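Each chain, written out:
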Amino acid sequence: MEQLNRILAEFSSLAWGLPLLILLIGGGLYLLIRSQFLPFRYIGHAINVLRGKYDNPNDKGEISHFKALTTALSSTIGMGNIAGVALAISVGGPGAMFWMWISAIVGMSTKYFTSTLAILYRGQDTNGDIQGGPMYFITEGLGKSWKFLAVMFSVFGMLGALPVVNVNQLKQAINDIVLIPNGVEVSFGTNLIIALILVVVTSIVILGGIQRISNWASKMVPSMVLLYFILVLIILGIYIEEVPRYLSLIVNDAFAANYFPEDKPFLGGVLGALILHGIKRGAFSNEAGLGTAPMAHGAAKTDEPVREGLVAMLGPVIDTLIVCTLTALAILVTGVWETTSDNGVSLTASAFEQALPYGQYLLMICVFFFSVSSLFSYSYYGTKCLSFLIGADKKHYYNFLYISSIVLAATTDFTAMINFIDGVFAFMAIPTMVATILLAPKVIKESKKYFAKLK
């Protein structure tokens, strides 16, 4: 296990270097400026599209705008918001949250462009069904000579869609919150039982395809976000006098970088390490620029690519600017980030336990639904990637790999799983961002046409 941890740590470190930071954040800033800050100018219209004001059941696609967003959010609103934020703070301090905000603001533009492209350049799988996602907008938009990027995305997309972090942290939450306090001895056997239960629940839903996944997601995501939102607001209400101080600390600490060794070899040493850490955790949270969300948004019923881009850009707002910020403040105001060595979901559980009677059990409910909804969506992404590589008639084979990974994740160390996913996400971002930047003029042209027609 130690050797596996070391190999995966080196893999993650190799992938997340200065070139990727420039591609993700620099590329996102380029798109933001190129679009003349369009995502921020049409948030009201985006909300109207999301509410179904412009829905047409006769448009091409499989699911509504709302179901497309909730399917995408069901994969992003999950352990990135609970375990990912806790990991960011425990490693990088409060300032890491500031760089997650930057990642989200830039990510709004990235999601607008990638999801517009997912509709603009929808392709067909070998069954003749319309599909969207980076692999299709690469081949349809850039041409067959760029297919190597589409293949690269699909290979790493299959690995990135494995639910290893969500399962690992759900297992950890069950152990720390339910089993250990009640005198149950945690072992390989108990972890395996948890894995097998998750396998059964997941199999029932994912074998039903995108319709069943989106139906579950559209019911689970709004309710679980609302429950989590209420619980954290109660915590912040209890510690209301601490909130302004910690909001200020997040900003001030973003440039202090007190939590990294001085010899960290990146950019300006410790500050560069903090920026990279925050951006990495932001990417894990909202997945902007990675290419997963365009696969869900590419299935939306619409003939207006810009509409889906506008809906998609709301994802980082909900996911990182709202949900992640609430988690960070709950951890900070309760002080558990300084008084405990817990990490990941266990740190967030400590904050809930300290602030609320039976708070850890209320968090357990949220964790369960966050994790299970993520399990449903990620399987859809993986099958789409395999379908592109070897044909739609063989895509169901991915479910065997997917289900096997649930067992692996529940019985493996958290550090190994997070390093594996971080590294794979980086290699998904490369083809997605390169293609999006090259196709940006097409999105700008489509946007001008759409908004002229809207006026």
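Rules behind the numbers
- Residues numbered from 1 in each chain as written.
- Predicted model: local features only at pLDDT ≥ 70, side-chain atom pairs only at ≥ 80, totals over all residues.
- Heavy atoms only, no water.
- Helix = DSSP H or I, 4+ residues; strand = E, 2+ residues; numbered from the N terminus.
- Buried < 20%, exposed > 50% of the residue type's maximum accessible area, 1.4 Å probe, protein only.
- Contact = heavy atoms within 4.5 Å.
- Areas by Shrake-Rupley, 256 points an atom, 1.4 Å probe, with all protein chains shown as cover.
- Core = buried A, V, L, I, M, F, W, Y, C linked by side-chain atoms within 4.5 Å.
- Salt bridge = Lys/Arg side-chain N within 4 Å of Asp/Glu carboxyl O.
- Phe/Tyr/Trp six-rings, centres within 6.5 Å; stacked < 30°, edge-to-face > 60°.

1. Thoughts on the overall build of the protein
Here comes step 1: Summing up its helical and strand segments, the protein has 22 helices and 2 strands in all.
Here comes step 2: In the protein, which comprises 455 residues, the proportion classed as buried is 62%.
Here comes step 3: Across the protein, contacts joining residues at least 24 apart in sequence account for 83% of those joining residues at least 6 apart.
Here comes step 4: Surface exposure of the protein reaches about 17200 Å², of which carbon and sulfur atoms provide 63%.

2. Some thoughts on helix 8 (residues 134-141)
Here comes step 1: Of all 8 residues making up helix 8, 6 are buried, and the element is well covered by its neighbours.
Here comes step 2: Taken together, the buried positions of helix 8 are occupied by Pro134, Met135, Tyr136, Phe137, Ile138 and Thr139.
Here comes step 3: Glycine 143 sits one or two residues past helix 8 and shows a positive phi near 105°.

3. Some thoughts on helix 16 (residues 305-312)
Since the α-helix turns once every 3.6 residues, residues separated by three or four places project in the same direction.
Here comes step 1: Among the 8 residues that make up helix 16, 8 are buried, leaving the element largely enclosed by the rest of the structure.
Here comes step 2: For helix 16, the complete set of buried residues consists of Pro305, Val306, Arg307, Glu308, Gly309, Leu310, Val311 and Ala312.

4. Quick look at the nonpolar core
Here comes step 1: With 137 residues, the main nonpolar core has Trp16, Tyr112, Tyr228 and Leu310 as its most contacted residues.
Here comes step 2: With 19 residues, helix 22 (residues 414-454) is the largest single contributor of residues to this core.
Here comes step 3: In this structure tyrosine 112 touches Leu38, Pro39, Val306, Gly309, Leu310, Met313, Val443, Ser447 and Phe451, once residues within four positions along its chain are discounted.

5. A word on the pattern of salt bridges
Here comes step 1: Under the definition given, this model contains 4 salt bridges.
Here comes step 2: Across the pair aspartate 393 and lysine 394 runs a salt bridge whose closest N-O atoms are separated by 3.5 Å.
Here comes step 3: Lysine 449 is the partner of glutamate 446 in a salt bridge, and the nearest nitrogen-oxygen pair spans 3.6 Å. Remark: lysine 449 and glutamate 446 occur in helix 22; sequence separation between them is 3 residues, near one turn of the helix.
Here comes step 4: Looking at glutamate 446, the relative accessible area reads 14%, which means it is buried.
Here comes step 5: Note on lysine 449: relative accessible area 54%, which makes it exposed.

6. A few points about unusual backbone geometry
Here comes step 1: We note that glutamine 36 has phi near 55°; this positive angle belongs to a residue other than glycine.
Here comes step 2: Along the polypeptide, glutamine 36 turns up in the loop between helix 2 (18-34) and helix 3 (38-41).

7. Observations concerning the packing of aromatic side chains
Here comes step 1: Taken as a whole, this structure holds 15 aromatic pairs when the rule is applied.
Here comes step 2: Residues phenylalanine 11 and phenylalanine 427 carry aromatic rings whose centres are separated by 5.9 Å and whose planes lie at 10° to one another, so their mutual orientation is stacked. Note that phenylalanine 11 is positioned in helix 1 (residues 2-15) and phenylalanine 427 in helix 22, a separation of 416 residues in sequence.
Here comes step 3: A centroid spacing of 6.2 Å and a plane angle of 20° characterise the contact between tryptophan 146 and phenylalanine 148, whose relative ring orientation is stacked.

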